[in-house]
Amino acid sequence: MIIGRPILDDISMMREIVRPEVEGGVILERSVEIMANMIRSYRVAWEEESVLEVAIQKQSKLKRESKSFKELQKPIMLGFCALHIHSLELAEIRSLIVAPNARKLGVGSALILDCELEGKALGVKEVLVLTYQRILFEKLGFCEISKENIPNQKIWADCILCKHFPLCEEIALIKKI
């Protein structure tokens, strides 16, 4: 599995992967324009089609490789997420999605860890997430916090756009990095 930055041409494929979760109200919809504006925040996981098929058959975790996305013969987008900076000390992992055929193969964990590495390199001290996937994040060292501790700019910029607002059932978790 290779994790890297997407290009603008990848947005249509990203929107296709996330569409079912947006329709189900699990992930906030982002317009093509907003995704283009945020393209530098996204990280995308790719794998060779043949490697993915073998991993699915064996139900084995995909290994992270250091080669380039361009070296893949038949690349398949496995999933993506974004790292959004809120302040000098706080970043947020947003829009984490893994394609249905790539779930349970370690893709989500790899994307989260990649965001943590990027946040650390930028000097961020903590990473926040609002999620329904508590167990995944807790396995990676995130701890639940009260939603009252979430910065106001997050609530008024994003949460207010959600169809579940103000009755949010997502869990807020944070991790010091």
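**Q** How do you make sense of the overall build of the protein chain when you look at a structure like this?
**A** A count of helical and extended segments in the protein chain gives 6 helices and 7 strands. Across the protein chain, helices and strands are ordered from the amino to the carboxyl terminus as β-α-α-β-α-β-β-α-β-α-β-α-β. Here the protein chain, with 177 residues, has 44% of them falling under the buried criterion. In the protein chain, the share of contacts with a sequence separation of at least 24, taken over all contacts with a separation of at least 6, comes to 76%. For the protein chain, the computed accessible surface area is about 10100 Å², with 55% contributed by carbon and sulfur atoms.

**Q** What is the right way to look at the packing of aromatic side chains in this model?
**A** Each aromatic ring pair is specified by the distance between its two centres and by the angle formed by the two planes. Overall, the coordinates contain 2 aromatic pairs when judged by the stated rule. Pairing Tyr42 with Phe80 gives two aromatic rings, centres 5.7 Å apart and planes at 75°, and the pair type is edge-to-face. Highlighted residues: Tyr42 in strand β2 (residues 42-48) and Phe80 in strand β3 (residues 75-85), separated in sequence by 38 residues. The pair formed by Tyr42 and Phe80 is uniform in burial state, with each residue classed as buried. The interplanar angle of 85° and the centroid separation of 5.2 Å between the aromatic rings of Phe137 and Phe142 together place this pair among those described as edge-to-face. On the basis of relative accessible area, Phe137 is assigned to the buried category, the value being 1%. Here Phe142 falls in the buried class, since its relative accessible area comes to 3%.

**Q** I keep staring at the environment of Leu173 and nothing clicks. Help me out?
**A** Its location among the elements puts Leu173 in strand β7 (residues 171-176). Put simply, Leu173 and Glu138 are 35 residues apart on the chain and 8.2 Å apart in space, counted from C-alpha to C-alpha. The residues touching Leu173, leaving out its near neighbours within four places in the chain, are Val127, Leu128, Val129, Thr131, Arg134, Phe137, Glu138, Phe142, Cys143, Glu144 and Ile145.

What counts, and at which threshold
Residues numbered from 1 in each chain as written. Predicted model: local features only at pLDDT ≥ 70, side-chain atom pairs only at ≥ 80, totals over all residues. Heavy atoms only, no water. Helix = DSSP H or I, 4+ residues; strand = E, 2+ residues; numbered from the N terminus. Buried < 20%, exposed > 50% of the residue type's maximum accessible area, 1.4 Å probe, protein only. Contact = heavy atoms within 4.5 Å. Areas by Shrake-Rupley, 256 points an atom, 1.4 Å probe, with all protein chains shown as cover. Phe/Tyr/Trp six-rings, centres within 6.5 Å; stacked < 30°, edge-to-face > 60°.

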